[in-house]
Amino acid sequence: MIQIESVQIEEFRGIRDLTLTMNRGSFVISGPNGSGKSGVVDAIQFALTGEIGRLKGAGTGDLTLAEHGPHVEKRSDPEAVRVVLKVFLPHLKKSASITRTVKKPKHPEITPDEPDIRNVFAEVAGHPETTLSRREIIKFILTEATQRSRDVQTLLKLDDIDQTRATLKITENKLLAEQATAKTQADTAEDSLKRHLDLAVLKPNDLLAAVNKCRKVLGLQEISKLEGNIVRSYAPMQALRKLRTGEANTTFLYVADYLTRRSAAPAA
Amino acid sequence: MANIQDEIFEQFCQQLAKTGRFSAAKIKQIRELFAGGRKPKPNDLVKLFSEKEPEESLP
């Protein structure tokens, strides 16, 4: 927990130069429309997180901190845009200050620069939901019940989680489709192999025996185990070439007839 | 200090590891894909999950 002692705002949003003293208490900001009330909230959020929540998210289009953070008169001088937040850290019993400029929003100057104080500011910066704008609060109040969970995610800055979930779902569907296609191809290949080798079931030993039967017909040596690329042999290619060129002897003609009949036979 | 999204992602990775279906190397690849707030496309994830486990692809 942190308690705000004061905030000093220079050339930020619609504010040229303003210092507010909160003295570690709760505070209310009131004023007419356009007087910069939200600018104060933005400045506190910027000091704590390096971001302005209402420049991000749905409906913010091309709004950026660099272009829309500075006062309109200081857009070309982001270093002049500065917020200094003085706070008290009750659990450490220490006062500290954090200063950020729009030029280097992610590199705040922390005083005193001590590890325990840095850790507190790092934790707050990692939880931008600690600062909620009026727009965010009103949107949450007025939202319909069916949209509330989504709005809570937005309040907690969890929009990316929803997007990642959708991406993972698309990924799952694509992988399932690829799996189904691969299974169909595997089934087709298995059926084709069974038909050609005249096997009802593809058991390793039966498959090896059927392959060796074919190799014997083709004049090839028997093999003791099934491995990849075993059919890439010169002899069968020679045999097929002879079949095509009419040089085949009766053995080759028998093989051709056998293979033709197996190809034409219905699937087992 | 991690934010809520980082914490959820960490839990997501731990749950993937608990399923036993992904090696430590694959989980590392997933972390790298999402590192630095990157938002991978579905095809990036399809490629990652379609690849063999890194140690299996070694000769």
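Residues numbered from 1 in each chain as written. Chains lettered and ligands numbered in written order. Predicted model: local features only at pLDDT ≥ 70, side-chain atom pairs only at ≥ 80, totals over all residues.

Some words on the overall build of chain B
Consideration 1: Secondary structure assignment for chain B yields 3 helices and 0 strands.
Consideration 2: Taking all 59 residues of chain B together, the buried fraction comes to 2%. (Helix = DSSP H or I, 4+ residues; strand = E, 2+ residues; numbered from the N terminus. Buried ≥ 20, exposed ≤ 12 C-beta atoms within 10 Å, placed from the backbone.)

Remarks on the overall build of chain A
Consideration 1: Helices and strands together make up the secondary structure of chain A, namely 9 helices and 5 strands.
Consideration 2: In chain A, the order of α-helices and β-strands from amino to carboxyl end is β-β-α-α-β-β-β-α-α-α-α-α-α-α.
Consideration 3: Here chain A, with 268 residues, has 16% of them falling under the buried criterion.
Consideration 4: Considering only contacts within chain A whose residues lie at least 6 apart along the sequence, 49% involve residues at least 24 apart. (Contact = placed C-beta atoms within 7 Å.)

A few points about the nonpolar core
Residue and element names in this part refer to chain A.
Consideration 1: Counting 22 residues, the largest nonpolar core has Val7, Ala43, Ala47, Val83 and Leu85 as its most contacted members.
Consideration 2: For this core, the elements supplying multiple residues, two or more each, are strand E1 (3–12), helix H1 (37–49), strand E3 (82–89), strand E4 (94–101) and helix H3 (115–125).
Consideration 3: It is H1 that contributes the most residues to this core, 5 residues altogether.
Consideration 4: Excluding residues that lie within four positions of it along the chain, Ala43 makes contacts with Val7, Ile9, Phe12 and Val83. (Core = buried A, V, L, I, M, F, W, Y, C linked by C-beta atoms within 7 Å.)

Quick look at the interface of chain A and chain B
Consideration 1: In this assembly, 16 residues from chain A lie in contact with 12 residues from chain B.
Consideration 2: Contributing elements (two or more residues each) for the side of chain A that touches chain B: H3 and helix H6 (159–197) of chain A.
Consideration 3: The element that contributes the greatest number of residues to the side of chain A that touches chain B is H6(A), accounting for 9 residues.
Consideration 4: Among the residues forming the side of chain A that touches chain B, the class breakdown is 7 nonpolar, 6 polar and 3 charged. (Nonpolar A, V, L, I, M, F, W, Y, C, P; charged D, E, K, R; others polar.)

Let's talk about the sheet that holds E1(A)
Residues and elements named next belong to chain A.
Consideration 1: Taken in spatial order, the 5 strands of this open sheet run E2-E1-E3-E4-E5, and their pairing is antiparallel. Both edges of this open sheet fall to strand E2 (15–21) and strand E5 (109–111), since each of them pairs with a single strand only. Going across the sheet, the axis of each strand differs from the next one's by a mean of 10 degrees, ignoring polarity.
Consideration 2: Both E1 and E2 contribute to a ladder of 6 bridges, which runs antiparallel. By the bridge assignment for E2, Val7 is matched with Leu20. (Pairing = 2+ DSSP bridges. Axes fitted to C-alpha atoms, helices over the stretch in contact; angles between N-to-C directions.)

Quick look at helix H7 (residues 204–217) of chain A
Consideration 1: In this model H7(A) runs 20 Å from its N-terminal to its C-terminal C-alpha over 14 residues, within 8% of the 20 Å that 1.5 Å per residue would give.
Consideration 2: After H7(A) finishes, the residue Gly219(A) shows a positive phi value of roughly 80 degrees. (Expected span 1.5 Å × (residues − 1).)

A few points about the pairing of E4(A)
All names here are of chain A.
Consideration 1: Here E3 runs beside E4; their pairing, made up of 8 bridges, is antiparallel. For Lys86, the partnering residue across the bridge sits in E4 and is Ser97.
Consideration 2: The turn joining E3 and E4, which pair antiparallel and follow one another in sequence, is formed by 4 residues; a positive phi near 55 degrees is taken by Lys93.

Some thoughts on the environment of Lys74(A)
Residues and elements named next belong to chain A.
Consideration 1: Residue placement: Lys74 occurs in the loop between helix H2 (65–68) and E3.
Consideration 2: Once the C-alpha coordinates of Lys74 and Glu11 are considered, the two residues, 63 residues apart in sequence, prove to be 6.7 Å apart.
Consideration 3: Setting aside chain neighbours within four positions, we find Lys74 in contact with Glu11, Ala80 and Val81.

A few points about the confidence of the model for chain B
Residue and element names in this part refer to chain B.
Consideration 1: Mean pLDDT over chain B works out to 80, with 85% of the residues at or above the 70 mark.
Consideration 2: When pLDDT is averaged over each helix and strand of chain B, the minimum, 86, is found for helix H1 (residues 4–19) and the maximum, 88, for helix H2 (residues 24–34).
Consideration 3: Scored as a complex, the prediction yields pTM 0.53 and ipTM 0.80. (pLDDT = per-residue confidence, 0-100.)

Re the packing of H1(B) against H2(B)
Residue and element names in this part refer to chain B.
Consideration 1: Where H1 contacts H2, the axes come no closer than 10 Å and their chain directions differ by 160 degrees. Here H1 lies roughly antiparallel to H2, going by the angle between them. The way H1 lies across H2 gives a crossing that is right-handed. Facing Phe9, Cys13, Leu16 and Ala17 of H1, the residues of H2 in contact are Ile27, Ile30, Arg31 and Phe34.
Consideration 2: Counted by class, the contact of H1 with H2 contains 7 nonpolar, no polar and 1 charged residues. (Parallel < 35°, antiparallel > 145°, perpendicular 65-115°, else oblique. Left-handed = near helix turned anticlockwise from the far one by under 90°.)

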